[in-house]
Amino acid sequence: MEVVIRPADELAVLAADAVARQLRECDDTVLGLATGSSPLPVYAELVRRHRVEGLSFAGARAFLLDEYVGLPAGHPESYREVIRRELTDLVDIPDHRVHGPDGHGADIATAGVRYDAAIRAAGGVDVQLLGIGTDGHVAFNEPGSSLASRTRVKTLTEQTRQDNARFFDSIDDVPHHVLTQGLGTILEARHLVLLATGEHKADAVAAMVEGPVSAFCPASVLQTHPHVTVLLDDAAASGLRLGDYYRHAYAHKPGWQSL
Ligand SMILES: N[C@@H]1[C@@H](O)[C@H](O)[C@@H](COP(=O)(O)O)O[C@@H]1O
């Protein structure tokens, strides 16, 4: 796990660098896209590079991490619509190559199995963007999630519903259920890039990076993955005991070593 502590605007550039490098190196890159506020500056930077530098997503495919269950297709806060608005409608990736768990179809019980099969059939995710919830969830894997879990339906905690209520008219409109990639599914991506900013993430970040690997903090399972980049601003890093070491290591990072 590489922990990089830099100003927030620089974090977005670093994450975009990882995505852009993958797109340039591989014609049929498979991107893993996250929603929430944290990746938005990364998407803005990728859109800028597409427009100004000609970065192309034309050969790529993309898979979303998660989706609310029960929102009608086309609901503005469904993650499929959010990602269209923030990224995929603004670059040259064909819409039919962007996939999300089917949260409004009739067969919710088997949607997860089908989704995992689709990711596998695409060859797996090359670069997976991630955020972290204040309770340590990644995607919508709430505390208590199996560290080996696959894509399935989960029930949101009240904390997560409150955290996400800002996107809806009221908390009553936030669904209770979601379809989310499992932790085991996420761990199969080849490079995980997690962004967290702000003091409200500091406790979850400390538990993820320096706590025990435990279902109590689902994000801590990232400690078991061979290629994870954790991008933090000072506030999100403020609970880390080894913060000075992570800064030192990044300042002395060999020039040949990319994220
Ligand atoms: N399902 C998403 C997660 O993927 C995201 O990481 C989390 C944090 O969101 P934010 O980045 O807005 O703090 O929110 C939601 O719960």
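From a predicted model like this one, the values you see are computed outputs, not experimental measurements.

### Things to note about the overall build of the protein
Along the backbone of the protein there are 8 helices and 10 strands. The C-alpha atoms of the protein give a radius of gyration of 17 Å, which matches the 18 Å a tight globule of 259 residues would have. Seen through its principal axes, the protein has C-alpha atoms that stretch 55 × 40 × 35 Å. The 259 residues of the protein split such that 44% are buried. In the protein, of all internal contacts separated by at least 6 residues, the share reaching a separation of at least 24 is 80%.

### Considerations on the site of the ligand
The local shell around the ligand holds 14 residues, among which Gly36, Ser37, Ser38, Gly131 and Gly133 are the closest. Its residues assigned to classes, the shell around the ligand comprises 5 nonpolar, 8 polar and 1 charged.

### What about the sheet that holds strand β2 (residues 30-33)?
What the 7 strands build is an open sheet, ordered β1-β10-β9-β6-β2-β3-β5; its pairing is parallel. Two strands lie at the open edges of the sheet, namely β1 (2-5) and β5 (98-99), each paired on one side alone. Bridging between β2 and strand β6 (residues 127-130) involves 2 bridges; their strand directions are parallel. When the bridges of β6 are listed, Leu31 appears paired with Val127.

### What to know about helix α1 (residues 8-25)
Given a rise of 1.5 Å per residue, 18 residues ought to cover 26 Å, and the 26 Å separating the end C-alpha atoms of α1 matches this to within 8%. Listed as buried for α1 are Leu11, Ala12, Ala15, Ala16, Val19 and Leu23. For α1, the angular spread of the buried residues around the axis is 125°, confining them to a single face. Turned more than 90 degrees from where α1 packs its buried face, Glu10, Arg24 and Glu25 sit exposed. Buried-residue contacts for α1 involve β2, α2 (40-53), β6, β9 (191-196) and β10 (228-232).

### What about the UniProt feature "active site" (unreviewed entry) in the protein?
The residues that UniProt annotates with the feature "active site" (unreviewed entry) are Asp66, Asp135, His137 and Glu142. Assignment of secondary structure puts Asp135 in the loop between β6 and β7 (152-155). Residue class for Asp135 comes out partly exposed when judged on the 18 C-beta atoms lying within 10 Å of it. Leaving out residues up to four positions away in the same chain, Asp135 has contacts with Glu142, Pro143, Thr157, Gln159, Thr160 and Ala204. By the element assignment, Glu142 lies in the loop between β6 and β7. Contact partners of Glu142, with chain neighbours within four places excluded, come to Asp135, His137, Lys154, Leu156, Thr157 and Thr160.

### Some thoughts on the sheet that holds strand β4 (residues 66-68)
Sheet architecture is open: 3 strands sit in the order β4-β8-β7, paired in antiparallel fashion. Single-partner strands in this sheet number two, and they are β4 and β7. Each adjacent strand pair in this sheet contributes to an overall mean axis angle of 30°, direction not counted.

### Thoughts on the packing of α1 against α2
Viewed as axis vectors pointing N to C, α1 and α2 meet at an angle of 55°, and their least axial separation amounts to 8 Å. As judged from the angle between their axes, α1 and α2 are oblique. As for the relative orientation of α1 and α2, their crossing is right-handed in sense. Here Ala12, Val13, Ala15, Ala16, Val19 and Ala20 of α1 lie close against α2, whose contacting residues are Pro41, Val42, Glu45, Leu46 and Arg49. The residue inventory of the contact of α1 with α2, partitioned by class, reads 9 nonpolar, no polar and 2 charged.

### Quick word on the UniProt feature "domain: Glucosamine/galactosamine-6-phosphate isomerase" (unreviewed entry) in the protein
Mapped onto this numbering, the UniProt entry annotates "domain: Glucosamine/galactosamine-6-phosphate isomerase" (unreviewed entry) at residues 9-225. In residues 9-225, helix accounts for 34% and strand for 14%; the two terminal C-alpha atoms are 26 Å from one another.

### Here we look at unusual backbone geometry
Trans peptide bonds make up the majority, and among non-glycine residues the majority have a negative phi. Even without glycine at this site, Ala139 takes up a positive phi of about 50°. A residue is classified by how many C-beta atoms lie within 10 Å of it, and Ala139, with 32 of them, is buried.

### As for the nonpolar core
Counting residues in each nonpolar core, the largest one holds 68 residues, and the members touching the most others are Ala15, Leu194, Val205, Met208, Leu231 and Leu232. For this core, the leading source of residues is α1, giving 6 residues. Once residues within four sequence positions are removed from consideration, Val205 is found in contact with Ile132, Ala196, Leu232, Ala236, Ala237, Gly239 and Leu240.

### What to know about the environment of Gly133
Structurally, Gly133 is set in the loop between β6 and β7. On a C-alpha basis, the gap between Gly133 and Leu156 in space is 11 Å, while along the polypeptide they are 23 residues apart. The residues touching Gly133, leaving out its near neighbours within four places in the chain, are Thr160, Asp163 and Ala204.

Rules behind the numbers
- Numbers given to residues run from 1 along each chain, matching the order in which its sequence is written.
- At least 70 in pLDDT is required for a residue's local features to be given in this predicted model, at least 80 for side-chain atom pairs to be given and counted, and no such filter applies to totals for whole chains, interfaces and linings, which use all residues.
- Here a strand is any run of E in DSSP of at least two residues, a helix any run of H or I of at least four, and the numbering for each starts at the N terminus.
- Each radius of gyration is computed over the set of C-alpha atoms, and the globule rule expresses the reference value as 2.2 Å times the number of residues to the power 0.38.
- In this scheme the burial state of a residue depends on its C-beta neighbours within 10 Å: 20 or more other such atoms mean buried, 12 or fewer mean exposed, and anything in between means partly exposed; the C-beta positions come from the backbone.
- For the purpose of contact definition, each residue receives a C-beta atom placed from its backbone, and two residues are in contact when these atoms lie within 7 Å.
- Each residue receives a C-beta atom built from its backbone; the residue is near a molecule or strand if that atom lies within 6 Å of it.
- The residue classification treats Ala, Val, Leu, Ile, Met, Phe, Trp, Tyr, Cys and Pro as nonpolar and Asp, Glu, Lys and Arg as charged. All others, Gly included, are polar.
- Strands are treated as partners if at least two bridges between them are detected by DSSP.
- A helix is expected to span 1.5 Å for every residue after the first.
- It is the directions from the helix axis to the C-beta atoms whose arc is reported.
- UniProt positions are given in the numbering used here, feature names are shortened, and annotations may be inferred rather than shown by experiment.
- For every element, the axis is a line fit to its C-alpha atoms; helices are fit only across the contacting stretch, and the angle between N-to-C directions ranges from 0 to 180 degrees.
- Here is the rule for angles: anything less than 35 degrees is roughly parallel, anything more than 145 is roughly antiparallel, 65 through 115 is roughly perpendicular, and the remaining ranges are oblique.
- Take the far helix as your reference; a near helix turned counterclockwise from it by less than a right angle gives a left-handed crossing, and one turned clockwise gives a right-handed crossing.
- By definition, a nonpolar core groups buried Ala, Val, Leu, Ile, Met, Phe, Trp, Tyr and Cys residues that are joined through C-beta atoms within 7 Å.

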